[in-house]
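Results of the structural survey
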Amino acid sequence: IVAILVSSFVYKYQTWIVSMFTTDEKVFEGCEKIWMNVCIYNVLLNVFCISRGILSALGLQWRTAAVMFAVMWLTTIPAIVWFCVLRGGGFYLMWKMIPSSYVVLIAGLFMCFITADWQAVGDGIRTRSEKTEMIDTTAVSVNRKKQLPDEETHIYEELRAYTG
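Residues numbered from 1 in each chain as written. Predicted model: local features only at pLDDT ≥ 70, side-chain atom pairs only at ≥ 80, totals over all residues. Heavy atoms only, no water.

1. Observations regarding the overall build of the protein
For clarity, the threshold we go by: Helix numbers and strand numbers start at the N terminus; a helix is a DSSP run of H or I with at least 4 residues, a strand a run of E with at least 2. The buried label goes to any residue with under 20% of its type's maximum accessible area, the exposed label to any with over 50%, and the partly exposed label to all in between, with areas taken from a 1.4 Å probe on protein chains only. Every residue pair with non-hydrogen atoms within 4.5 Å of one another is taken to be in contact. Under the convention used here, a 1.4 Å probe and the Shrake-Rupley method define accessible areas, while residue burial counts only the protein chains that appear.
A tally of helices and strands in the protein yields seven helices and two strands. With 164 residues in all, the protein has 27% of them scored as buried. In the protein, the share of contacts with a sequence separation of at least 24, taken over all contacts with a separation of at least 6, comes to 64%. Surface summary for the protein: the accessible area is close to 12,200 Å², and the carbon and sulfur share equals 65%.

2. Observations concerning the side chain of S7
What counts, and what does not: In protein, a polar contact means a hydrogen-donor-capable atom and an acceptor-capable atom, both N or O and within 3.5 Å, with residues adjacent in sequence counting only if both atoms are side-chain atoms; elsewhere, any N or O pair within 3.5 Å suffices.
Tracing the backbone through its elements, the reader meets S7 in helix α1 (residues 2-12). Within the structure, S7 has its side chain in polar contact with the backbone oxygen of C39 (distance 3.1 Å). Not counting the four nearest positions on each side in its chain, S7 is found in contact with C39, N42 and V43.

3. Some thoughts on the pattern of salt bridges
Definition in use: The working definition used for a salt bridge is a side-chain nitrogen of Lys or Arg within 4 Å of a carboxyl oxygen of Asp or Glu.
Tallying each qualifying case throughout the model produces one salt bridge. The salt bridge involving R126 is made with D123; its shortest N-O contact spans 2.7 Å. Of this pair, R126 and D123 are both found in helix α6 (residues 118-138), three residues apart, which corresponds to roughly one turn of the helix. Residue classification places D123 among the partly exposed positions, given a relative accessible area of 34%.

4. A closer look at the environment of V2
Turning to its location among the elements, V2 is positioned in helix α1. V2 sits 41 residues away from V43 along the chain, and the two C-alpha atoms are 8.9 Å apart.

5. Topic: the side chain of S51
Position of S51 among the secondary structure elements: in helix α3 (residues 25-57). What makes S51 buried here is its relative accessible area of 5%. The residues touching S51, leaving out its near neighbours within four places in the chain, are L109, F110 and F113.

6. Looking at the environment of P99
Along the chain, P99 falls in helix α5 (residues 90-115). Apart from residues lying up to four places away in sequence, P99 is in contact with N37, I40, Y41 and L44.

7. Topic: the nonpolar core
What tends to happen in soluble globular proteins is that the nonpolar side chains get buried as a cluster. Condition: Nonpolar cores were defined as sets of buried Ala, Val, Leu, Ile, Met, Phe, Trp, Tyr and Cys residues, with membership established by side-chain atoms within 4.5 Å.
Ranked by size, the top nonpolar core spans 24 residues in total, and within it F48, L55, V67, W95, I98, Y102 and L105 carry the most contacts. Counting only elements with at least two residues in this core, the list comes to α3, α4 (61-86) and α5. By residue number, the principal contributor to this core is α5, which donates nine residues. Look past the residues within four positions of F48 in its chain and what remains in contact with it is M68, Y102, L105, I106 and L109.

Dropping the structure here:
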């Protein structure tokens, strides 16, 4: 809902927003041609980010990656290069294609939700939770919980041990 409100605001106040950066009429005309597609893209990008975040939190990041690779790298980018660069469709055609590709991408992510084995996802979450609890309960030393190093500290300590 926030993305729709922000994009509506951006769409309604296009002239004011563009005038903050330029007074060139050609820029205003160019923005007019793509503005609706940019606003639609903003909404779709928010839906994509939320969907991707939920899928990653559920441990389905490989499915997400496969959908993103197929839609963006195997179809959208080659299509943009073919139609917009090689065939001369240009910048404006690209901004018509981008929202459409995000609709397909979001549909693919929703298919990840629909086709997920929710029993296996739940089992995986429970297993990871149990492992975390085991680490927390066994990492006790002298009446206090031993802190596990973060990645940066671990890398620094490994580097220091390696360099002597």
